[in-house]
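Working through the structure, step by step
Listed below, chain by chain, are the residues.
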Amino acid sequence: MQNISSYDFTGKKAIVRVDFNVPLNENFEITDDTRIRAAIPTLKKVLEKGGSLIIMSHLGRPKGVTEKYSLKHIIYRIEELLGTKIQFADDCMKASQTAAALKPGEVLLLENLRFYAEEEGKPRGLAEDATDEEKKAAKSAVKESQKAFVKTLASYADCYINDAFGTAHRAHGSTALIAQYFPNDKMFGYVMEGEIKAIDKALGDPARPLTAIIGGAKVSSKIGIIEHLLGLVDNLVIGGGMVYTFMKAQGGKIGSSLCEDDQMDVALNIMAKAKEKGVKILLTDDVVAADSFSNDAKTIICPSNDIPDGFEGMDAAPSSVEEIKAVIMASKTILWNGPIGVFEMPNFAVGTNAIAETLKKATEQSAFTLVGGGDSVAAVTQMGYADKVSYVSTGGGAMLEYLEGKVLPGIAAIRE
Ligand code: AMP
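Residues numbered from 1 in each chain as written. Predicted model: local features only at pLDDT ≥ 70, side-chain atom pairs only at ≥ 80, totals over all residues. Heavy atoms only, no water.

1. Observations concerning the overall build of the protein chain
A tally of helices and strands in the protein chain yields 14 helices and 18 strands. Taking 416 residues into account, the globule formula puts the C-alpha radius of gyration at 22 Å, and the protein chain, at 24 Å, falls close to it. Reported as C-alpha extents along the three principal axes, the dimensions of the protein chain are approximately 70 × 55 × 45 Å. When each of the 416 residues of the protein chain is scored for burial, the buried share is 53%. Across the protein chain, contacts joining residues at least 24 apart in sequence account for 72% of those joining residues at least 6 apart. Summing over all exposed atoms, the protein chain offers an accessible surface of approximately 18000 Å²; the carbon and sulfur share of this is 50%. Charge-centre separation for the protein chain: the mean point of 46 positive side chains lies 5 Å from the mean point of 55 negative side chains. (Helix = DSSP H or I, 4+ residues; strand = E, 2+ residues; numbered from the N terminus. Rg over C-alpha atoms; globule rule 2.2 N^0.38 Å. Buried < 20%, exposed > 50% of the residue type's maximum accessible area, 1.4 Å probe, protein only. Contact = heavy atoms within 4.5 Å. Areas by Shrake-Rupley, 256 points an atom, 1.4 Å probe, with all protein chains shown as cover. Lys, Arg positive; Asp, Glu negative; His and termini not counted. Charge placed at Lys NZ, Arg CZ, Asp CG, Glu CD.)

So this is what it looks like as structure tokens:
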């Protein structure tokens, strides 16, 4: 693989997979351009080094050509941020001539890749009552035509850059399969490089103590991450709605708190494994419980294993928050995924906000702090601390799979 900083782009055409899946309002105006801004350093690098650009992305989840999901809506913003006019191919499979004519410094944006089923390699338009045989045939047909799709995209360029961390966990045409056509001319863009470096710094050879704070609603959705982290961390803070499954599994009384009865064995297994590996687990011992799932509910503070009937755990109580803060401040590396309370309701966002605040303080004292996963990212952003922690991952699902220790196809395709 090559390195974007040292690669010689002079006279070369670079096809770059970016994640321009930005939210649009009903007038097709961009409401958050973070993802476009994130990719600009990569795009500018190619242009500054004498190359030309073919930019490709998906937008939304179209099931065919759909006006609403056309990338033409975002051209103006890319032009503003790049400071140059760009050309647009309104069919990503019909861009050969325009791509061939690109001169150094010129930019071509391809229409939404997902207007073609071949991008994802999944059949579309199958009848609801399709038989297994029919499903299998449709799948192998799309896989077959995917080869030509990918080959066509690859034919436009001399080198390939993947800068779409948000889709790195998908083995799609433009995120993974295309890399095979550029065995000596493929590389990560700066977004990808940044994400990989940050996670490797946190989990590869971290400064210790290493603490992970895993919150959120359900054990079932975090089990992969927790199991992987048990082999890496010194401290594991488990917060949010997950706490009550652990408490009930150990014989606690949890009132009407969120609980996954079918995950109680999993919870006990996590506790046993942590003990075996010498990982200190911190479950919020005291919680704020409410008599209804609403911001204005009546609240009490009680032990998380002794919640009265009619009450449900909504947030970590001050004493538990203090404990978590102490663990954070005593750590050199901290990874945070998931809120530790129902933070969408201001009265139950206190614990989650305190974590964001403490991560900021830990960062000031030179701890490495990584925040990843939708809701915790929302929490640090809401607090205005997105640039006060060491790294905020934009990856969503890709980040979660990376934290589970999975090999991401988009990363593997560049490295292999
Ligand atoms: P996740 O997507 O798994 O990270 O879960 C995030 C969600 O967990 C947020 O919407 C929170 O409101 C929710 N959550 C956190 N703590 C609790 C709790 N004690 N009870 C119910 N939901 C919670």
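2. With respect to the pattern of salt bridges
Close approach of charged atoms allows side chains with opposite charge to pair. A complete count under the given rule lists 18 salt bridges for this structure. We note a salt bridge from Glu79 to Lys85, for which the minimum N-O separation is 3.5 Å. For Glu79, a relative accessible area of 15% puts it in the buried group. When the shortest N-O distance is used, the salt bridge between Lys122 and Glu120 registers 3.8 Å. Residue class for Glu120 comes out buried when judged on its relative accessible area of 17%. Several salt bridges share partner residues, and in doing so they unite Asp33, Arg37, Arg77 and Glu80 into one network. (Salt bridge = Lys/Arg side-chain N within 4 Å of Asp/Glu carboxyl O.)

3. With respect to the sheet that holds strand 12 (residues 286-290)
Pairing in this open sheet of three strands is antiparallel, and the strands run 13-12-15 from one edge to the other. The strands lining the two open edges of the sheet, one partner per strand, are strand 13 (299-303) and strand 15 (312-316). Averaged over all pairs of adjacent strands, the angle between their axes in this sheet comes to 45 degrees, without regard to strand direction. Pairing between strand 12 and strand 13: five bridges, direction antiparallel. Considered in strand 13, the bridge of Val288 is made with Ile301. Each of strand 12, strand 13 and strand 15 touches helix 10 (residues 318-329); the most contacted strand, strand 15, lies at about 40 degrees to it. (Pairing = 2+ DSSP bridges. Axes fitted to C-alpha atoms, helices over the stretch in contact; angles between N-to-C directions.)

4. Re the site of the ligand
Around the ligand sit 15 residues, and of these Lys222, Gly313, Gly341, Glu344 and Asp375 come closest. At a separation of 2.9 Å, an oxygen atom of the ligand approaches a polar side-chain atom of Lys222. One nitrogen or oxygen atom from the main chain of Gly313 is found 3.0 Å from a nitrogen atom belonging to the ligand. Residue classes in the shell around the ligand are distributed as six nonpolar, six polar and three charged. (Near = heavy atom within 4 Å. Polar contact = N/O pair within 3.5 Å; in protein donor to acceptor, adjacent residues only side chain to side chain. Nonpolar A, V, L, I, M, F, W, Y, C, P; charged D, E, K, R; others polar.)

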